[in-house]
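Examining the three-dimensional arrangement
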Amino acid sequence: MSTHARRQLTDAPFLAAATGGVPHRRPVWFMRQAGRSLPEYREVRAGIGMLESCFDPELVCEITMQPVRRHQVDAAILFSDIVVPLKAAGIDLDIVAGVGPVIANPVRTVADVRALPRLRPEEVGAVTAGVKLLLDALDDVPLIGFAGAPFTLASYLVEGGPSKNHERTKAMMLADPETWHQLLGVLTDITIEFLRAQIEAGVDAVQLFDSWAGALTQAQYREYVMPHSERVFTEIADAGIPRIHFGVGTGELLGAMGEAGADVVGVDWRIPLPEAARRVGPGKALQGNLDPAVLFAGPAAIESEVRRIAHEADEAITLGAKGHIFNLGHGVLPNTDPTVITDTVALIHSLPTPL
């Protein structure tokens, strides 16, 4: 894989923590740091649909930059959506406000799977153009590219949209494993192509979001999901950039998620970081894991929780984690006061780094 556009950000705290180095300050970025919590985001997105925004390079650049300018976070994450590569490939879907991705023709049969299109790099040219604009705008701040993991994409396709119980998804997985693995094979190919396009364009790290993996037992994850996520990480390993793996409610899956091949494992707020380090095993960095709701609790509570997580992160490093990147245990909630986010970043930066 060509890495001709790769920047050399030797002093970036985020990359140091992700790769086992010693950052000069505690690195922090927040999932969904660009979005509805920012008035400037709401202003620039007024009257423009979500998917339309994701395919506008200048808008992608501007929205990605907004939290970096405002909050001084240590990494930017590309403004996009996990269904962007599906849309680009030609799957009929839309992101409906207040609902999420809605699929016009859900995938329910082997014939549906065989009819799925593949992704060609040129179909996400608008995304990679946005990446290239960002490399100039970000100066020495790392840029994280991302994609949805095959299981989470499959859940949307099979259910037809968001689901609380994933009943159709699990039914296909358990009753028709051959069709299931064919489906995930197609989605793995799409995910790899999408990540490769971002890597070729010059992103400094990538994150694989398996948002719904926490709905699975560990046995289900290992048999029906992990081999496909593992192929994603294997296929992009030669880029030599940090690979992050994150899911919600995945405390019982952390060991398997670490085994899938990521360099950094994201941890949600339900499990202490030292326990996460034990489950993931040594040699991986951890990312997380402030409860997003804490940002509504006032300065004293926020400071207490931030200091607790920093202390737990230090303990996790003594247990074998190779680094820690401060983040939320999921995304910034839409009604979060952006000033609180800025102040929280400043607090995290003020804390001493682990020895």
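Residues numbered from 1 in each chain as written. Predicted model: local features only at pLDDT ≥ 70, side-chain atom pairs only at ≥ 80, totals over all residues. Heavy atoms only, no water.

For the protein, the name recorded in an unreviewed UniProt entry is Uroporphyrinogen decarboxylase, with Nocardia terrae as its organism. Recorded under Sequence similarities (unreviewed entry), the UniProt text for the protein is reproduced unchanged: "Belongs to the uroporphyrinogen decarboxylase family." In UniProt, the protein has this text filed under Catalytic activity (unreviewed entry): "uroporphyrinogen III + 4 H(+) = coproporphyrinogen III + 4 CO2". (UniProt positions renumbered as here; feature names shortened; annotations may be inferred.)

Our next topic: unusual backbone geometry. Across the junction of Gly-288 and Asn-289, the peptide omega takes the value -5°, indicating a cis bond. Among the structural elements, Asn-289 can be located in strand S8 (residues 285-290). Phi at Arg-32 takes a positive value of approximately 60°, unusual for a residue other than glycine. Here Arg-32 shows up in the loop between helix H1 (13-18) and helix H2 (39-44). One non-glycine residue, Gln-72, lies in positive phi territory at about 60°. Among the secondary structure elements, Gln-72 is positioned in the loop between helix H4 (57-71) and strand S1 (76-77). With a relative accessible area of 48%, Gln-72 lands in the partly exposed category. (Helix = DSSP H or I, 4+ residues; strand = E, 2+ residues; numbered from the N terminus. Buried < 20%, exposed > 50% of the residue type's maximum accessible area, 1.4 Å probe, protein only.)

Contact geometry of helix H14 (residues 299-318) with helix H15 (residues 338-350) gives a least axis separation of 11 Å together with a crossing angle of 40°. It follows from the interaxial angle that H14 and H15 lie oblique. Taken as a pair, H14 and H15 cross one another with a handedness that is right-handed. Contacts between H14 and H15 involve Ile-302, Glu-303, Val-306 and Arg-307 from the former and Val-340, Thr-344, Leu-347 and Ile-348 from the latter. Partitioning the contact of H14 with H15 into residue classes produces five nonpolar, one polar and two charged. (Axes fitted to C-alpha atoms, helices over the stretch in contact; angles between N-to-C directions. Parallel < 35°, antiparallel > 145°, perpendicular 65-115°, else oblique. Left-handed = near helix turned anticlockwise from the far one by under 90°. Contact = heavy atoms within 4.5 Å. Nonpolar A, V, L, I, M, F, W, Y, C, P; charged D, E, K, R; others polar.)

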